[in-house]
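# Residue-level structural notes
Each chain is listed here by its residues.
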Amino acid sequence: MAGPTLAVVGATGAVGTVMCELLSSRRNVWGEIRLVASARSAGKTIMCRGEELTVQALAPEVFDGVDVAMFDVPDEVSAEWAPVATARGAVVVDNSGAFRMDKDVPLVVPEINPEQVRNRPKGIIANANCTTLGMIVAVAPLHREFGLRELVLASYQAVSGAGQVGVDTLHDQLAKIAGDRVLGSRPGNVRQAVGDDLGPFPAPLALNVVPWAGSLKDAGWSSEELKLRNESRKILGLPDLKVSATCVRVPVVTGHSVAVHAVFGTEVDAEGAREALRNAPGVILVDDPAAGEFPMPIDAVGTDPSWVGRLRRSMDDPRALDLFVTGDNLRKGAALNTAQIAELLAAELS
Ligand SMILES: NC(=O)c1ccc[n+]([C@@H]2O[C@H](COP(=O)([O-])OP(=O)(O)OC[C@H]3O[C@@H](n4cnc5c(N)ncnc54)[C@H](OP(=O)(O)O)[C@@H]3O)[C@@H](O)[C@H]2O)c1
């Protein structure tokens, strides 16, 4: 088959599953496609690009002859195996957090810094985390227009951001509480109904919001909050950008949202900002509150762009805008951005 050979490592996971859907629906630039996962999944078959492909267990030989390897696996698996893939000649596009802040690994969002794809001394290109990606696609055109100085962010993150186990946990909890109209009106009664199986979350998600995502880092910040800060700075090339984030997990299956307060170097006007967003790649403006039109996960799920709305100029600071952004964390937040980077590589390698 003509075209570069692609390996998808982690093809059986939440991101890998969407990747197979994207490979079936996007322009076909690939020759052979190899699906790889853990030994647990070896031998399973998955439909991808109209072919029934058999999943192979991760091993050094699966990378022989591979041009591009997408990694949709946990951090520690990427950290160990991405160098194995590059040693065998593949360029790696990694979706995990293992390499994002490595100074020799570019953090690429094709709508913002596609030229960085060629700057890959380790043969590895990193994909940003899902919350940063959806938000930054909307903020970058505003930065180009007005010059960004500061971001104050609150995220509303879906359970699929924690992988397939996160989705299963929410559905199991919803099944346990279904129909009980008393739940949520007394302290502890949701905890009691849900039981001990909290999956990857520190508290029940059903009928709740949890102001925590990731692991505990210095001074009370969570790892997800630090990712928003550090990755935004790296992608925009603004090492001194001020970023404060509060990450919150909500009972949504797929679709991360972020409430953004952005402060710029010049005065802003809401109509100019809307115009910049209308012309921006990867963004759809959904901003008609009078008609009940807002960006929401139930509409954004399964779509490619970042949905942006509720755009207002601050009442107190003429240099600041408030807006709400929603995007599919498994598409632009993960698989789609990886596919776009890999397609830039395919064009370079063909
Ligand atoms: N979910 C999101 O919104 C999102 C967004 C951006 C980035 N990411 C990142 O993308 C990566 C994958 O996330 P996910 O949500 O898809 O996770 P997931 O649903 O838990 O899937 C994990 C995948 O990794 C495979 N895997 C696990 N351990 C392995 C091993 N030792 N050797 C080979 N394969 C192994 C699994 O294979 P088996 O099925 O065989 O176990 C599965 O295919 C993570 O680094 C995550 O942080 C996720």
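Residues numbered from 1 in each chain as written. Predicted model: local features only at pLDDT ≥ 70, side-chain atom pairs only at ≥ 80, totals over all residues. Heavy atoms only, no water.

## Topic: the sheet that holds strand β1 (residues 6-9)
- Taken together, the 6 strands give an open sheet; going across it, the order is β5-β2-β1-β6-β7-β8, and neighbouring strands pair in parallel fashion. Two strands lie at the open edges of the sheet, namely β5 (56-57) and β8 (124-126), each paired on one side alone.
- Along the sheet face, helix α1 (residues 14-25) touches β1, β2 (33-37) and β6 (68-71) and points at about 155° away from the line of β1. (Pairing = 2+ DSSP bridges. Helix = DSSP H or I, 4+ residues; strand = E, 2+ residues; numbered from the N terminus. Contact = heavy atoms within 4.5 Å. Axes fitted to C-alpha atoms, helices over the stretch in contact; angles between N-to-C directions.)

## Considerations on the site of the ligand
- Near the ligand, the surroundings consist of 27 residues, among which Thr12, Val15, Ser38, Ser41 and Val73 are the closest.
- One of the backbone nitrogen or oxygen atoms of glycine 10 is found 3.2 Å away from an oxygen atom of the ligand.
- The backbone of alanine 14 places a nitrogen or oxygen atom 2.9 Å from an oxygen atom of the ligand.
- Within the complex, 80% of the 900 Å² of free accessible area of the ligand lies under protein.
- Of all the secondary-structure elements, those providing two or more residues to the shell around the ligand are α1, α2 (75-87) and α9 (331-349).
- For the shell around the ligand, the class distribution of residues is 11 nonpolar, 13 polar and 3 charged. (Near = heavy atom within 4 Å. Polar contact = N/O pair within 3.5 Å; in protein donor to acceptor, adjacent residues only side chain to side chain. Areas by Shrake-Rupley, 256 points an atom, 1.4 Å probe, with all protein chains shown as cover. Nonpolar A, V, L, I, M, F, W, Y, C, P; charged D, E, K, R; others polar.)

## Some points on the pairing of strand β14 (residues 320-327)
- Burial within β14 is extensive, with 7 of its 8 residues counted as buried.
- Two strands pair when backbone bridges link them, and strand β11 (residues 256-264) and β14 are joined in this way by 8 bridges, in the antiparallel orientation. Residue valine 260 lies in a different strand from β14, and its bridge partner there is leucine 323.
- Connecting strand β13 (residues 306-313) to the next strand, β14, in antiparallel fashion are 6 residues. (Buried < 20%, exposed > 50% of the residue type's maximum accessible area, 1.4 Å probe, protein only.)

## Thoughts on the sheet that holds strand β12 (residues 283-285)
- Read across the sheet, 6 strands follow the order β10-β9-β11-β14-β13-β12 without closing on themselves; strand pairing throughout is mixed. Because the sheet does not close on itself, it has two edges, and the strands there are β10 (242-249) and β12. This sheet shows a mean twist of 25° between the axes of neighbouring strands, independent of strand direction.
- On the sheet, helix α3 (residues 130-146) packs against β9 (148-157), β11, β12, β13 and β14 and is oriented at approximately 25° with respect to β11.
- Where helix α6 (residues 223-236) meets the sheet, its contacts fall on β9 and β10, and the angle it forms with β10 comes to roughly 135°.

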